[in-house]
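As a plain string of letters, each chain reads:
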Amino acid sequence: MKRILFVVGARPNFMKVAPVLEAVKKSGKFECTLVHTGQHYDANMSDVFFRDLDMPQPDRFLGVGSGSHAEQTAKVMIEMEKLLGEEKPDLVMVAGDVNSTLATALVAAKGGIRLAHIESGLRSFDRNMPEEINRIVADEFSDFCFVTEPSGLKNLEHEGIENKKVFFVGNTMIDSVQKYLPNARERFPQLAKKYNIEGKKYALVTLHRPSNVDDMASLSRFVELFERMEAFTPRILFPVHPRTRKRLEEFGLAERTAQNTTLALIDPVGYLDFLALQDQAGVVLTDSGGIQEETTALGTPCITLRENTERPVTVEQGTNELLGLNFDRVLEDTRRALRGNWKSHAVPDLWDGHAAQRIAKILEERL
Ligand code: UD1
Ligand code: UDP
């Protein structure tokens with residue numbers, strides 16, 4: 001039996017990998033090993049996803065934790081090299097664009113082990129984003145590039161990636177949305193009570209891009225944006241990423257946010273709760289990658305607080321508006337979304353809940 005080693009490390013990996021692991025196991029054709037690098041380690045950034053996504057506990061845990069880019073990447077590489085030497089898989093499967101993805105791709109490539117990349121081909125064309133570098137490297141060394149949207153096909157072709165390595169399979173993150181949405185929806189009444197929100201009448205916010213939160217002036221402008229939203233937004237619910245929490249405290253902004261009575265800063269929530277909160281939000285304001293896709297799948301208006309996106313299909317066909325730091329537009333569009341007035345939208349091709357099955361079939365035929 002051929003052996004596949006799946007790697008997860010950070011929050012956005014779990015919901016992309018879980019359906020693929022399940023589909024590959026179901027095929028009965030492969031032996032599977034799950035490795036967690038430990039890039040994210042707080043219970044609400046890691047453990048909760050294993051429960052919510054019915055994922056088996058990892059077979060191997062590298063425990064790398066936080067650090068500078070070089071430290072974190074190097075730690076994963078050192079531990080991954082040892083592990084791949086012991087496990088000798090026929091294929092290593094990585095997802096997305098985090099440092100664990102980059103480090104694993106480098107080690108697999110140098111170890112002569114075949115590599116598959118879930119969510120291949122996305123490009124923001126902004127090399128100041130660490131994720132862009134991670135994506136380029138992972139794709140360059142992948143033997144199987146599993147693409148989520150048409151722009152990915154174009155980008156890979158442009159970079160000279162051989163056509164026979166590229167497979168347009170759809171979006172495994174949306175497989176998870178489809179599978180868990182009914183469970184998530186059952187939770188909303190409790191969440192509504194807990195957070196004092198009413199369906200479609202609140203804004204859901206996430207922020208964690210270094211360019212937005214690591215600079216005091218930039219983060220202060222967001223705090224000001226939430227103050228300006230107070231006038232017309234019944235509630236702003238903001239599950240705060242640990243990077244952002246640290247910066248709010250470090251920059252002395254936490255007291256100011258506490259004075260905003262509309263704004264609720266809460267700890268990161270689990271997958272099912274966040275899905276329910278996205279589904280029922282009047283509008284989502286975010287700089288996340290994956291949330292742009294989930295809101296498009298759910299039909300919830302999304303305002304992306306970035307100058308670029310590596311997921312253009314969410315703007316072209318979905319519910320996403322790329323507004324960057326034009327906060328006058330952000331305020332205007334937030335108001336419009338809360339009134340129920342948004343552009344018409346569609347769910348992109350192959351975001352149908354079956355992407356993981358397509359991946360499993362390709363591996364059965366070609367690995
Ligand atoms: C990482 C990914 C980013 C992704 C994000 C999703 C890279 C380069 N970045 O960014 O692409 O969008 O995850 O959430 O891989 N921390 C904790 N507890 C944790 C994890 C992190 O407190 O469980 C804090 C630490 O102070 C750490 C900081 O958050 O230094 C940043 O963590 P890190 O994994 O380096 O990057 P993210 O900002 O989480
Ligand atoms: N998410 C979650 N709880 C939260 C915030 C986000 O479960 O409090 C989920 C979200 O539904 C999506 C994923 O985390 O599936 C996105 O991860 P994140 O925004 O951290 O990373 P990015 O997509 O920007 O790399």
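Structure shown above.
Figured I'd write up the structure that's included with this text. Just so you know, these numbers come straight off a predicted model, no measurement behind them. (Residues numbered from 1 in each chain as written. Chains lettered and ligands numbered in written order. Predicted model: local features only at pLDDT ≥ 70, side-chain atom pairs only at ≥ 80, totals over all residues. Heavy atoms only, no water.)

Regarding the site of ligand 1
Right, on to step 1. Taken together, 19 residues lie near ligand 1, and His40, Asn99, Glu131, Arg209 and Arg243 sit nearest.
Right, on to step 2. In the environment of ligand 1, an oxygen atom lies 2.7 Å from a nitrogen or oxygen atom belonging to the backbone of asparagine 99.
Right, on to step 3. Considered on its own, ligand 1 offers 740 Å² of accessible surface; in the complex 89% of this is hidden by protein.
Right, on to step 4. Ranked by the residues each element gives to the shell around ligand 1, the list is headed by helix α10 (residues 242–250), at three residues. (Near = heavy atom within 4 Å. Polar contact = N/O pair within 3.5 Å; in protein donor to acceptor, adjacent residues only side chain to side chain. Areas by Shrake-Rupley, 256 points an atom, 1.4 Å probe, with all protein chains shown as cover. Helix = DSSP H or I, 4+ residues; strand = E, 2+ residues; numbered from the N terminus.)

Points about the packing of helix α4 (residues 99–110) against helix α5 (residues 130–140)
Right, on to step 1. Where α4 contacts α5, the two axes come as close as 9 Å, and the packing angle between them is 30°. The angle between the axes of α4 and α5 places the two elements in the roughly parallel class. In this structure, α4 meets α5 at a crossing whose hand is left-handed. Along the contact surface, α4 presents Asn99, Thr101, Leu102, Ala105 and Leu106, while α5 presents Asn134, Val137 and Ala138.
Right, on to step 2. Residues that form the contact of α4 with α5 fall into these classes: five nonpolar, three polar and no charged. (Axes fitted to C-alpha atoms, helices over the stretch in contact; angles between N-to-C directions. Parallel < 35°, antiparallel > 145°, perpendicular 65-115°, else oblique. Left-handed = near helix turned anticlockwise from the far one by under 90°. Contact = heavy atoms within 4.5 Å. Nonpolar A, V, L, I, M, F, W, Y, C, P; charged D, E, K, R; others polar.)

What about unusual backbone geometry?
Right, on to step 1. For phenylalanine 125, which is not glycine, the phi torsion reads 60° and is therefore positive.
Right, on to step 2. With respect to the helices, strands and loops of the structure, phenylalanine 125 is situated in the loop between β5 (114–120) and α5.
Right, on to step 3. A positive phi angle, near 70°, is found at leucine 350, a position not held by glycine.
Right, on to step 4. Along the chain, the position of leucine 350 falls in the loop between α15 (327–338) and α16 (355–366).
Right, on to step 5. Using a relative accessible area of 22% as the deciding quantity, one classes leucine 350 as partly exposed. (Buried < 20%, exposed > 50% of the residue type's maximum accessible area, 1.4 Å probe, protein only.)

Considering the sheet that holds strand β13 (residues 320–322)
Right, on to step 1. Pairing in this open sheet of six strands is parallel, and the strands run β10-β9-β8-β11-β12-β13 from one edge to the other. The outermost strands of the open sheet, each flanked by one partner alone, are β10 (263–266) and β13. Looking at each pair of strands side by side, their axes are set apart by 20° on average, direction ignored.
Right, on to step 2. Sheet analysis places strand β9 (residues 235–239) next to β10, joined by four bridges and oriented parallel. Its bridge partner lying in β10, phenylalanine 238 is registered against leucine 265.
Right, on to step 3. Here helix α9 (residues 216–229) sits on the sheet in contact with β8 (202–206), β9, β10 and β11 (283–286), set at roughly 150° to β9. (Pairing = 2+ DSSP bridges.)

Thoughts on the site of ligand 2
Right, on to step 1. Inspection of the region around ligand 2 gives 19 residues, with Val269, Ser288, Gly289, Gly290 and Glu294 positioned closest.
Right, on to step 2. Glutamine 278 is positioned with one of its side-chain polar atoms (N or O) 3.5 Å from an oxygen atom of ligand 2.
Right, on to step 3. Contact between ligand 2 and glutamate 294: an oxygen atom at 2.6 Å from a side-chain N or O atom of the residue.
Right, on to step 4. Protein chains shield 97% of the accessible area of ligand 2, which is 540 Å² for the free molecule.
Right, on to step 5. Those elements that provide at least two residues to the shell around ligand 2 are α1 (11–27), α12 (271–280) and α13 (290–298).
Right, on to step 6. Grouping the amino acids of the shell around ligand 2 by side-chain chemistry returns ten nonpolar, six polar and three charged.

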